[in-house]
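Inside the fold
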Amino acid sequence: PFCFYIKITTRGGTKYGKSKYYKEIFIEFIGDSITDMCFLDEYYSDLDLAVYNRGIGADTTKGVLERLKVSAFDIEPSKIVLMIGANDVNFGVPYEETVSNYRKILDEIKKNQPEVELYVMSITPQNKKIEESGDCDAATNNDIIESLNLEIEMLCVEYGYTYIVGICQDVMRFAKNPSFIDE
């Protein structure tokens, strides 16, 4: 029921008026399993703001691009934190395609929600545990991730969005900072 409510409700409420769940500060996190596994409701429970987790395990930049309407535009957040790309590297998505998808994501956000504040997280480096699973070569992937992060940072500069280097806990702490919430 709650997820259904989110899908049919916009930031201002339903067509029948403002919902009782409406909050002026409305932050949405979009990404893959790294985002999905962040306990955002618990982390932000002490603040008077709405936080939505739109992380989906195994998602890629193509997946985010395909679901932007439902994941972001239909619910009109005031701020979006985007963290996507690790699975592109893991699944062997060509480098140029990942960069192109990022550009398309930023284009779509700029076109459909020009007033939203977008914060783009760097792709998280991989560790030996991922390599031990037999799915990838962490050292090779980290070289690709380092290059992608530079491309993503340049795209953020081009589009005027904020680029954040860090991991999930870093962005959660950043987004909880009163100066971020009150802006």
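Refer to the structure presented above.
We now turn to the structure provided with this report. In this text, all values refer to a predicted model and were calculated from it rather than measured experimentally. (Residues numbered from 1 in each chain as written. Predicted model: local features only at pLDDT ≥ 70, side-chain atom pairs only at ≥ 80, totals over all residues. Heavy atoms only, no water.)

1. As for the pairing of strand β3 (residues 79-83)
Buried residues dominate β3, accounting for five of its five residues. Here β3 shows two buried faces, one formed by Lys79, Val81 and Met83 and the other by Ile80 and Leu82. Here five bridges tie strand β1 (residues 26-31) to β3, and the two strands are oriented parallel to one another. Across the sheet, isoleucine 30 pairs through a bridge with leucine 82, a residue of β3. Bridge count between β3 and strand β4 (residues 117-121): four bridges; the pairing is parallel. Residue lysine 79 lies in a different strand from β4, and its bridge partner there is glutamate 117. (Buried < 20%, exposed > 50% of the residue type's maximum accessible area, 1.4 Å probe, protein only. Helix = DSSP H or I, 4+ residues; strand = E, 2+ residues; numbered from the N terminus. Pairing = 2+ DSSP bridges.)

2. Topic: the environment of alanine 58
As for its placement among the helices and strands, alanine 58 is situated in the loop between β2 (50-55) and α4 (61-73). Using a relative accessible area of 47% as the deciding quantity, one classes alanine 58 as partly exposed. Sequence separation between alanine 58 and glycine 85 is 27 residues; the distance between their C-alpha atoms is 9.9 Å. Beyond its immediate chain neighbours, meaning those up to four positions away, alanine 58 contacts Ser33, Asn87 and Phe91. (Contact = heavy atoms within 4.5 Å.)

3. Focus on the pattern of salt bridges
Applying the stated criterion to the full structure yields six salt bridges. Residue glutamate 108 pairs with lysine 111 through a salt bridge whose shortest N-O separation is 3.4 Å. Of the two residues, glutamate 108 and lysine 111 are both situated in helix α6 (residues 95-112); the distance of three residues between them amounts to about one turn of the helix. You can call glutamate 108 partly exposed: its relative accessible area is 26%. Under the relative-accessibility criterion, lysine 111 is labelled exposed at 58%. (Salt bridge = Lys/Arg side-chain N within 4 Å of Asp/Glu carboxyl O.)

4. Some thoughts on the sheet that holds β4
Strand order in this open sheet of five strands is β2-β1-β3-β4-β5, and the pairing throughout is parallel. Strands at the two margins of the open sheet, each flanked by one partner only, are β2 and β5 (162-164). Strand-to-strand twist in this sheet, taken as the mean axis angle between neighbours without regard to direction, amounts to 20 degrees. Pairing of β1 with β2 involves six bridges; the strand directions are parallel. Across the sheet, glutamate 28 pairs through a bridge with tyrosine 52, a residue of β2. Across the face of the sheet, α4 comes into contact with β1, β2 and β3 while running at roughly 160 degrees to β1. The sheet strands contacting helix α8 (residues 138-159) are β4 and β5, and the helix crosses β5 at an angle near 155 degrees. (Axes fitted to C-alpha atoms, helices over the stretch in contact; angles between N-to-C directions.)

Nothing here speaks to function; it is geometry throughout.
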